[in-house]
Amino acid sequence: MIIKSENLLYAMEEKNYIESNDPSLPMFLEMKKRIHDGESYNNVITELRARKRKGFREAFNKFLRYYTESEEKPSVEAVKPQRKGKSRTVQEMDSYGKIDFIHDPLIPEGSITLLCGDAGIGKSYISLFLGSVIADGSEFLGSKTKKKNVLFVDLESSLPLLNTRVQSIGIKSDNIFFYTESLNFLLKEDISELKNEILYRQAGFCVIDSLMDIIPGINENDSGAMNQIFSALRSLVKQTGCSFLIIHHVNKANGDYRGSSAIKGAIDALYTLKSVKEKPSYKIIEIEPTKTRYTMIHPIKLKIDFSDEKFSVYPYSESEESMDKAIEAHDRYTDITKIFDDFKGLFLEELMEKMNNIGSSDKKITVYKKVESLIKEGYIAKEKKGNRNFYSVKNQKK
């Protein structure tokens, strides 16, 4: 605001005001003198306003009327000290970018992820396999990972067992490191020790196997203790920039993660491993996303192959699942599928005749139900030929 040094705007009005006994006059005269003597306009107005004495508003309005360049007068509030706003515009928000991922969509940068599953389902193998993939920056389940130094904290296994797993996965990378010393996250010195190890190895991804081993003697249902543990983990994320994958167990009763609800509230993602199918040389498991803070994820099926002492993980595609179902259907209804293997395509009456020839005691309705199951499971197809259904073998490879 520009203050005029001479009373040129409303000279007669001001003269009458000064000669009056208006209660606001002393404050007006003080305001005028101090500002004209060179004090900061904003400082003077702010100070006088803070006194909260009667007559300030009228004196202030008179001063604006007589000593401003323009007839357009600001309100009293306009003289408040200006501060920088703490809120952000859309354009300012855009400068912060988006959430980045070490593995998209499973592992966000700067996150805490919990991987849960029943004993023996393969949590340790899968997390170690994932760690080795991230250490190489190669693909996992069809998505490329961001290459990071990896610290694998194994507090459960003996060194020979850990080495057996390393060898079966075929880990060769120099970017993965194994920490097997004891850790107690209720001790500040142990948390500091892990922090120093992460910084020394410049690790961007850390696996802890398992949660219960870093909280010895603590009840996982104790929400206060769990909040303390995960607060320490969150501080490590902020101080080191490292992302954490924590291995944990599930309740046998309902398959949910064990412990307080505080655990779920403190983490960014929670995945539960569930068994789908087990065979002598491989098994199918499903990663069920129980919580994901940054993205939507559908359940993912994995094929874990463990043959010739070599461990591998593959995505289990819908086509592979359909083929497996067809093979299983073939094996389950061998009396019918053997006929279809020989003849490829038959009407239901022809199939019944072949079944009678091999001495089957199945009735027509039973055969029909088996055929419908085989259709549903992808082994054979059904098509109309005239008024009758014709059944033929799909192109499946056993």
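Residues numbered from 1 in each chain as written. Predicted model: local features only at pLDDT ≥ 70, side-chain atom pairs only at ≥ 80, totals over all residues. Heavy atoms only, no water.

## Some details on the environment of R57
- Of note, R57 is situated in helix 4 (residues 56–67).
- Classification of R57 by relative accessible area gives partly exposed; the value is 46%. (Helix = DSSP H or I, 4+ residues; strand = E, 2+ residues; numbered from the N terminus. Buried < 20%, exposed > 50% of the residue type's maximum accessible area, 1.4 Å probe, protein only.)

## A closer look at the side chain of S24
- With respect to the secondary-structure elements, S24 resides in the loop between helix 1 (11–18) and helix 2 (25–36).
- Classification of S24 as buried rests on a relative accessible area of 1%.
- In this structure the side chain of S24 is engaged in a polar contact, spanning 2.6 Å, whose partner is the side chain of Y17.
- The residues contacting S24, other than those within four sequence positions of it, are Y17, G55, E58 and A59. (Polar contact = N/O pair within 3.5 Å; in protein donor to acceptor, adjacent residues only side chain to side chain. Contact = heavy atoms within 4.5 Å.)

## Thoughts on the packing of aromatic side chains
- A full pass over the atoms with the stated rule returns 11 aromatic pairs.
- Judged by centre distance (6.1 Å) and plane angle (70 degrees), the ring pair of F129 and F311 falls under edge-to-face. Here the residue F129 occupies a position in helix 6 (residues 123–136), and F311 occupies one in strand 13 (residues 310–315), the gap between them amounting to 182 residues. Exposure class is identical for F129 and F311. Each is buried.
- What links up through ring pairs into an aromatic cluster is the set Y125, F129, F140, F306 and F311.
- It is K62 that lies over the ring of Y17; its NZ or CZ is 5.0 Å from the centre.
- Residue placement shows K385 over the ring face of F390; its charged tip is 3.9 Å from the ring centre. (Phe/Tyr/Trp six-rings, centres within 6.5 Å; stacked < 30°, edge-to-face > 60°. Lys NZ or Arg CZ within 6 Å of the ring centre and 35° of its normal.)

## Details of the layout of surface pockets
- Within this model, the largest pocket holds a volume of roughly 150 Å³.
- In terms of residue class, the lining of the largest pocket is built from seven nonpolar, three polar and three charged. (1 Å grid on protein atoms, 1.4 Å probe; cavity = no way out; pocket = protein on both sides within 12 Å on 5 of 7 lines; lining within 4 Å. Points joined across faces, edges and corners; volume = space filled by probe spheres on them. Nonpolar A, V, L, I, M, F, W, Y, C, P; charged D, E, K, R; others polar.)

## Observations concerning the pairing of strand 8 (residues 203–209)
- Most of strand 8 is tucked away: seven of the seven residues are buried.
- Bridge count between strand 6 (residues 149–154) and strand 8: six bridges; the pairing is parallel. Pairing of D154 across the sheet is with D209, part of strand 8.
- In this sheet, strand 9 (residues 243–249) lies alongside strand 8 in parallel orientation, the contact comprising five bridges. Within the sheet, the bridge partner assigned to C206 lies in strand 9 and is F244. (Pairing = 2+ DSSP bridges.)

## Remarks on the sheet that holds strand 14 (residues 345–347)
- Taken in spatial order, the three strands make up an open sheet running 14-16-15, and their pairing is antiparallel. Only two strands of the sheet have a single neighbouring strand rather than two, namely strand 14 and strand 15 (380–385). Put simply, the sheet's adjacent strands are angled 25 degrees from each other on average, direction ignored.
- In the sheet, strand 14 pairs with strand 16 (residues 388–393) via three bridges, with the strands oriented antiparallel. Bridge pairing in strand 16 places F347 opposite F390.
- Running at roughly 100 degrees to strand 14, helix 13 (residues 348–357) makes contact with strand 14 and strand 16 of the sheet.
- Its contacts with the sheet place helix 14 (residues 364–376) against strand 15 and strand 16, and it is angled at close to 110 degrees to strand 15. (Axes fitted to C-alpha atoms, helices over the stretch in contact; angles between N-to-C directions.)

## Here's the deal with the packing of helix 12 (residues 334–343) against helix 13
- Taken N-terminus to C-terminus, the directions of helix 12 and helix 13 make an angle of 115 degrees; their axes are 10 Å apart at the nearest point. Comparing their axes, helix 13 and helix 12 come out roughly perpendicular. Here helix 12 and helix 13 pass one another in a crossing that is right-handed. In this structure, helix 12 uses D335, I336, I339, F340 and F343 to contact helix 13, whose residues at the interface are L351, K354 and M355.
- By residue class, the composition of the contact of helix 12 with helix 13 is six nonpolar, no polar and two charged. (Parallel < 35°, antiparallel > 145°, perpendicular 65-115°, else oblique. Left-handed = near helix turned anticlockwise from the far one by under 90°.)

## What to know about the sheet that holds strand 8
- Read from one edge of the open sheet, nine strands run 7-6-8-9-3-10-11-12-13, paired in mixed fashion. The open sheet has two free edges, formed respectively by strand 7 (176–179) and strand 13, since each of these has just one partner strand. The average undirected angle you get between the axes of adjacent strands in this sheet is 25 degrees.
- In this structure, strand 6 lies alongside strand 7, joined through four bridges in parallel fashion. Paired with F152 across the strands is F178, a residue of strand 7.
- Across the sheet, helix 7 (residues 159–169) lies against strand 6, strand 7, strand 12 (300–307) and strand 13, angled at about 60 degrees from strand 13, the strand it touches most.

## Some thoughts on the confidence of the model for the chain
- The share of residues in the chain with pLDDT of 70 or more is 92%, and the mean pLDDT across the chain is 87.
- A low-confidence stretch, residues 5–9 (pLDDT under 50), is modelled with nine contacts involving residues beyond four sequence positions or located in other chains.
- Contacts from residues 70–78, a stretch scored under 50 in pLDDT, to residues over four places away or in other chains number 15 contacts. (pLDDT = per-residue confidence, 0-100.)

## Describing helix 14
- For helix 14, with 13 residues, the first-to-last C-alpha span of 18 Å sits near the 18 Å given by 1.5 Å per residue.
- Looking at helix 14, one finds that the buried residues are V367, K370, V371 and L374. Buried residues in helix 14, looked at end-on, bunch into an arc of 100 degrees, giving them a common side. Summarising the geometry of helix 14, the exposed residues directed more than 90 degrees from the buried face are K369 and K376.
- Backbone geometry just after helix 14 places G378 at a positive phi near 85 degrees. (Expected span 1.5 Å × (residues − 1). Arc of directions from axis to C-beta.)

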